[in-house]
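# Coordinate inspection notes
As a plain string of letters, each chain reads:
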Amino acid sequence: MTEQRVSYTLDSSLETVDNAEEKATRIATELGFTDDEVMQISMAVREAAVNAVLHGNGYAPDKKVILAFEHKGSDLVITIRDQGKGMDLSKIPNPLAPENLLKTSGRGIFLMRSFMDVVEIRPSQTGTELKLIKHVHESRAGGKEASQ
Amino acid sequence: MSMKVGSRQVDGVTVVDCSGRITLGEGSVILRDTVRDLLSKGNKKIVLNLAEVNYIDSSGIGELVSAFTTTKNQGGELKLLHLTKKVNDLLQITKLYTVFDVKDDEAAAVKAFK
């Protein structure tokens, strides 16, 4: 598989969330992931985009979301970076805890972790970067390459 | 495809047929407004038919939880009907399957109200 990277700079809007999901669906499909895996990847990217647009940038029109897809070795590596104040990792709830089950929010990171092989969260004072990795299995190595 | 809803009465129970996506934005808002409208009109026995809901994100899950608790807090009951595999899987991994009353038969769902 040829290594390839595509990057997008997106506005802090709801359209960006849909846009990010659509790009993830297309690229994961082109890489030959199964339908279930494509759904998992696109949902993880959607949740990451929601975090960036809503919780990171707070819909601020002057702040951008940087979304990148990289086909690296046997991995699909997706990074989503916002320009917010940086996520407070100590405030990420466990949505499976009995006291949190009926909360109406706080499941995004959990879903990303459920669907991806690796989820790394790197907060800083200039924003949060989420790295999502899904392993491409050898049987799918013949999939079409991602293209912009 | 955005979210669409239509409601009908079956033996004193309101069945809300939902289709499309329940996601952050329009989909979640439509579901929220629909349930609030039903409750404000005294319709407190609600079945959400999700047979045609092909996608739901964490915001949509939150909206289902909100609909469930809002209805319960007003003395009503809300049940889920005909989950697609995707929605079913999501409710399983979030452990919400045990919280919601999930049915796969409409007549049984309607009968199950006290």
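Coordinates for the structure precede this section.
Residues numbered from 1 in each chain as written. Chains lettered and ligands numbered in written order. Predicted model: local features only at pLDDT ≥ 70, side-chain atom pairs only at ≥ 80, totals over all residues.

On to the overall build of chain B. When you go through chain B residue by residue, the secondary structure sums to 4 helices and 5 strands. Counting from the amino terminus, helix and strand elements in chain B follow one another as β-β-α-β-α-β-α-β-α. A globule of 114 residues ought to have a C-alpha radius of gyration of about 13 Å, and chain B, at 13 Å, matches this closely. Principal axes of the C-alpha set define a box for chain B whose edges measure 30 × 25 × 25 Å. Across the 114 residues in chain B, those meeting the buried criterion constitute 43%. Expressed as a percentage of contacts within chain B between residues at least 6 apart in sequence, the contacts between residues at least 24 apart total 72%. (Helix = DSSP H or I, 4+ residues; strand = E, 2+ residues; numbered from the N terminus. Rg over C-alpha atoms; globule rule 2.2 N^0.38 Å. Buried ≥ 20, exposed ≤ 12 C-beta atoms within 10 Å, placed from the backbone. Contact = placed C-beta atoms within 7 Å.)

Moving on to the sheet that holds strand 3 (residues 45-56) of chain B. Residues and elements named next belong to chain B. Taken together, 5 strands build an open sheet; the order of strands is 1-2-3-4-5 and the sheet is mixed. Looking at which strands have only one partner, the edges of the open sheet turn out to be strand 1 (4-10) and strand 5 (101-103). Strand-to-strand, the axes of this sheet are offset by a mean angle of 25 degrees, without reference to chain direction. The pairing of strand 1 with strand 2 (residues 13-22) spans 7 bridges and is classified as antiparallel. Bridging from a neighbouring strand, Gln-9 pairs with Thr-14 of strand 2. (Pairing = 2+ DSSP bridges. Axes fitted to C-alpha atoms, helices over the stretch in contact; angles between N-to-C directions.)

Residues and elements named next belong to chain A. Ordered by their spatial adjacency, 5 strands build an open sheet running 1-2-3-5-4, and the pairing between neighbours is antiparallel. Only two strands of the sheet have a single neighbouring strand rather than two, namely strand 1 (4-11) and strand 4 (118-124). The sheet shows a mean angle of 15 degrees between the axes of neighbouring strands, direction not considered. Here strand 1 pairs with strand 2 (residues 64-72) via 8 bridges, running antiparallel. Bridging from a neighbouring strand, Tyr-8 pairs with Leu-67 of strand 2. Its contacts with the sheet put helix 2 (residues 35-56) on strand 2, strand 3 (75-81) and strand 5 (127-135), and the angle it makes with strand 5 is roughly 180 degrees.

Residue and element names in this part refer to chain A. An ideal rise of 1.5 Å per residue puts 24 Å on 17 residues; helix 1 (residues 14-30) measures up with 25 Å between its terminal C-alpha atoms. All of the buried residues along helix 1 are Thr-16, Val-17, Ala-20, Glu-21, Lys-23, Ala-24, Ile-27 and Ala-28. When helix 1 is viewed along its axis, its buried side chains cluster within an angular range of 165 degrees and face the same direction. The inward-facing, buried residues of helix 1 abut strand 1, helix 2, strand 2 and strand 3. Following helix 1 by one or two positions, Gly-32 has its phi on the positive side, about 90 degrees. (Expected span 1.5 Å × (residues − 1). Arc of directions from axis to C-beta.)

Another aspect to go through is the interface of chain B and chain A. Across the boundary between the two partners, chain B contributes 16 residues, which contact 17 residues of chain A. Secondary-structure elements contributing two or more residues to the side of chain B that touches chain A are helix 2 (58-73) and helix 3 (85-93) of chain B. In terms of residue count, the dominant contributor to the side of chain B that touches chain A is helix 2 of chain B (7 residues). Of the residues assigned to the side of chain B that touches chain A, the class counts are 6 nonpolar, 7 polar and 3 charged. (Nonpolar A, V, L, I, M, F, W, Y, C, P; charged D, E, K, R; others polar.)

Let us look at the nonpolar core. Nonpolar side chains in soluble globular proteins tend to be buried together. If you look at the biggest cluster of nonpolar residues, it comprises 33 residues, and the most contacted ones within it are Ala-44, Val-45, Ala-48 and Ala-49 of chain A. Elements with a minimum of two residues in this core: helix 1, helix 2, strand 2, strand 3, helix 3 (108-115) and strand 5 of chain A. For this core, the element with the highest residue contribution is helix 2 of chain A, accounting for 10 residues. With 31 residues, the next largest nonpolar core counts Ile-22, Val-35, Leu-50 and Val-53 of chain B among its residues. (Core = buried A, V, L, I, M, F, W, Y, C linked by C-beta atoms within 7 Å.)

The terminal C-alpha atoms of helix 2 of chain A, which comprises 22 residues, lie 30 Å apart, in line with the 32 Å expected from a rise of 1.5 Å per residue. With 17 of 22 residues buried, helix 2 of chain A is to be regarded as a mostly interior element.

These results come straight from atomic positions and should not be treated as a statement about function.
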